[in-house]
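Below, each chain spelled out in residue letters.
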Number of protein chains: 2
Amino acid sequence: MDKREVYLDNSATTKLDEDVLEAMMPYFTEYYGNSLSQYGFSRKCAQAVDDARYSVAKAIDCKPVEVYFTSCGSEANSWAVRGGALSGRKRGSHVILSKIEHPSIMNSGKWLTQNGFDVTYLDVDKYGMVHEDELRKAIREDTVLISIMLANNEIGTIQNIPALAAIAHANGIVFHTDCVQAMGLIDVNVKKLGVDMLTISAHKFYGPKGVGVLYVRSGLIIDRLINGGGQERGMRGGTTNTPLIVGMGVAIEKAVTETDTNAAKITLMRDRMIERIKNEIPDVILNGHPRQRLPSNVNFAFNYIEGESILMRLDLEGIAVSSGSACSSGSLEPSHVLLATGLPVERAHGSIRFSIGKHNTMEDIDYTVDKLKVIIAQLREMSPLYKPQDRVKEV
Amino acid sequence: MDKREVYLDNSATTKLDEDVLEAMMPYFTEYYGNSLSQYGFSRKCAQAVDDARYSVAKAIDCKPVEVYFTSCGSEANSWAVRGGALSGRKRGSHVILSKIEHPSIMNSGKWLTQNGFDVTYLDVDKYGMVHEDELRKAIREDTVLISIMLANNEIGTIQNIPALAAIAHANGIVFHTDCVQAMGLIDVNVKKLGVDMLTISAHKFYGPKGVGVLYVRSGLIIDRLINGGGQERGMRGGTTNTPLIVGMGVAIEKAVTETDTNAAKITLMRDRMIERIKNEIPDVILNGHPRQRLPSNVNFAFNYIEGESILMRLDLEGIAVSSGSACSSGSLEPSHVLLATGLPVERAHGSIRFSIGKHNTMEDIDYTVDKLKVIIAQLREMSPLYKPQDRVKEV
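Residues numbered from 1 in each chain as written. Chains lettered and ligands numbered in written order. Predicted model: local features only at pLDDT ≥ 70, side-chain atom pairs only at ≥ 80, totals over all residues. Heavy atoms only, no water.

1. A word on the overall build of chain A
Convention followed: Where helices and strands are cited, they refer to DSSP runs of H or I of at least four residues and of E of at least two residues respectively, numbered from the N terminus. C-alpha atoms define the radius of gyration in this analysis, and the globule rule sets the expected value at 2.2 Å times the number of residues to the power 0.38. Relative accessibility decides the category of a residue: with a 1.4 Å probe and only protein chains considered, values under 20% of the type maximum give buried, values over 50% give exposed, and everything between is partly exposed. Contacts are assigned to residue pairs that have any heavy atoms within 4.5 Å of one another.
Tallying secondary structure elements over chain A gives 13 helices and 12 strands in all. In summary, chain A has a C-alpha radius of gyration of 22 Å against a globular reference of 21 Å for 395 residues, a match within 12%. Seen along its three principal axes, the alpha-carbon backbone of chain A occupies a region of about 70 × 55 × 30 Å. Expressed as a percentage of its 395 residues, the buried residues of chain A come to 64%. Restricting the contact set of chain A to residue pairs at least 6 apart, pairs at least 24 apart contribute 75%.

2. Quick look at the relation of the copies chain B and chain A
Here is the rule: Here the copies are superposed with least squares, the fitted atoms being C-alpha atoms of residues at a pLDDT of at least 70 in both.
Take chain B, turn it by 180°, move it 0.0 Å along the axis, and it overlays chain A with an RMSD of 0.0 Å. In symmetry terms, the pair is related by a two-fold rotation axis. For chain B, the minimum C-alpha distance to the rotation axis belongs to Ser71 of chain B and amounts to 3.0 Å. Interface overlap between copies is the fraction of interface residues in one copy that are interface residues in the other; for chain B against chain A it reaches 100%, indicating a shared surface.

3. Topic: the nonpolar core
Burial of nonpolar side chains together is a common tendency in soluble globular proteins. Basically, it comes down to this: Definition of nonpolar core: a set of buried residues of the types Ala, Val, Leu, Ile, Met, Phe, Trp, Tyr and Cys, connected through side-chain atoms within 4.5 Å.
Core analysis: the largest hydrophobic core is formed by 189 residues, its most contacted members being Ile277, Phe302 and Phe354 of chain A together with Ile277, Phe302 and Phe354 of chain B. Ile277 of chain A has contacts with Val284, Val298, Phe300, Phe302, Phe354, Val369 and Leu372 of chain A, leaving out every residue within four places of it along the chain. If you look at the next biggest cluster of nonpolar residues, it comprises 50 residues, including Ile222 and Ile226 of chain A together with Phe117 and Ile222 of chain B.

4. Observations regarding the interface of chain B and chain A
Applied cut-off: Defined here as a combined quantity, buried area equals the accessible surface (1.4 Å probe) lost by two parts on assembly, summed across both. For this document, the term salt bridge refers to a Lys or Arg side-chain nitrogen within 4 Å of an Asp or Glu carboxyl oxygen. Here a polar contact means two N or O atoms within 3.5 Å. Within protein one must be a hydrogen donor candidate and the other an acceptor candidate, and residues neighboring in sequence count only if both atoms are side-chain atoms. For this classification, Asp, Glu, Lys and Arg are treated as charged, while Ala, Val, Leu, Ile, Met, Phe, Trp, Tyr, Cys and Pro are nonpolar and the rest, including Gly, are polar.
Taken together, the 67 residues of chain B in the interface contact 67 residues of chain A. When chain B packs against chain A, the two sides together hide about 5,200 Å² of surface, and 53% of this comes from carbon and sulfur. By the criterion of area lost to chain A, the three top residues of chain B are Tyr32, Tyr39 and Asn227 of chain B, representing 14% of everything that side buries. Joining chain B to chain A, the criterion identifies two salt bridges. For Asp315 of chain A, the salt bridge is made with Arg43 of chain B, and the minimal N-O distance between the two is 3.4 Å. For the pair chain B and chain A, the number of links is 35 residue pairs in polar contact (both at pLDDT 80 or more). When contributions to the side of chain B that touches chain A are tallied by element, the ones reaching two or more residues are α1 (18-28), α3 (73-87), α4 (103-114) and α10 (307-316) of chain B. Tallying contributions element by element places α4 of chain B first for the side of chain B that touches chain A, with six residues. Within the side of chain B that touches chain A, the residues separate by chemical class into 23 nonpolar, 31 polar and 13 charged.

Right under this line is the structure:
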């Protein structure tokens, strides 16, 4: 078997589509004007930004005026949580998040705590699901904001957002959902989800890095995060980034068109990978939900060994994967998401996320599992922790 | 005289240099990895980001660990002012800004006021200069942050930042300066300026839109603005934007190399433009300082007429200029900068900023002034306000 290059870290970032880049190029070269300027030279930029805003609105089923361009998902998430809470401060100072949110949400929660808010973090079950009862119990008189992600970045668990948002609204509370991982893989529709705010980021669906969107329902006013001039209807400062916004527009049009095809293809690869790992490698635990899960996500705990060692050995075989969420890699902290599902620290440390994208093939999957079998066996032979009689039952 | 295309709005944004774009391209195509990931595929991205950080550090004379990449100047300014104030809250809750700061600073000041801070806005003289005595008088026991820009975006006035920063430090106060307009046109050196924080933005010096830098002196800890994972040493969330950061690195290297040549060439154009307008068009006032002024900036009040009308007429001749600061165009509010210099509202409304860049030629300048003479004369003939006997003395 020849060595391949296999990129299985599509939840960290994806390859920019060629036609998306092509659409962006004129705005890096000839149409470099400031889209807010009033002369003819900039009109082409203003039109391009309008078109992209319309494409986003169409994709997520909202009005163009409800679309705010940001520089990334983390900015949009920080803005939603901090801005949503601060603007509600007159009504109360309690916020509810789940224990498995992205670091941009978790750390915005910390920021709120340091600034006079009280934050409740909802427990999840062993599959990473937030239960409606947990949310109902957590709601207080002074709750002003709830933020729960649609699909988790590490374990791929998909929440029942329509039900959770309905509970929020029955109590008059604003509801935000982080859809950064979901967009392009499952349906992301603000009306069906029933949310007041929603985050997406282009580089997760084959668009450019550096451009996100925060959807904010008409009539909802949130506090600003990036102060500035009149950009984004006065809500987000900074010279409008025309080329990247154009990239977002084209990428999201494609993402919506391709969702079903891509999801079907990717799901087949996911299911084969999960089956093969469960059947061919002993002592593994599938992290996340067996069914309510992103098409792209495979996450396993390989007991008795370190995820970092697996990652490095896979890297030598040309396979790119993640040992935690990509955003916190570099850190040796165990994943807060895996711990929240009840996984013991040592097993969280032995976990690997494989995230499949539209450019992967079944050969990539088989190559990876074949290599993985050998690597896991070799690492376990060297592991002082591994005693075959301790084998856990596969899940 | 044939019609030309003359871009005189280089303070709003500049044309991306071809070689900067060329350096960025591989990171839009083959090297699309997440620079923080731990596998070989991403190493090239990590190295490119390190190199760019080093280039910025060398350009502004600081350490690479003092460079934080942001998505724009407005983000960096919002972060410096809000983050600098919040982190100092235990020591006090008073902040000092000038009356002519960029909207990202002015509105961050407003945000602070809404969040328990007291903000003093320093007066400027008729040339837009902040006086050292004004700053000394404004300093209180509880002052924790001062932010004053190096060069103004509308009128180009250059402040004596080393003297102002020294006053701050004599009182134990953190000092930030917005150098977005200055970089590439005059020397921007954190040691010579003596500042604790400093903002720049690549698209003002022929780099890409969507990437700025906040310099934060080692040892100074500020509150985060964009929460997230471990990016930028845990201080700024969001997937590292490798292509744009590479663009910033190349653009700033070029900006530093070219500063003297560009400034000399642009200054000649500026001076000719100012002289010709003063000599050939009656009833004009030069806004800003006659000498302490950016090489690129020409700003005149054309009495008795509206800036918007001049802008539109110039646009028909292929000339792109700005009637206020670019960031607030679209708004019909008179410029807060011009009002702060004591210009009456109606004259602020009749002001135009011409900002010259390295791609302009003396022919552009002459073409613009020739057209301007005709336009101003025609507009005044139609203006009910214009009575030649009211002519003000030229400055």
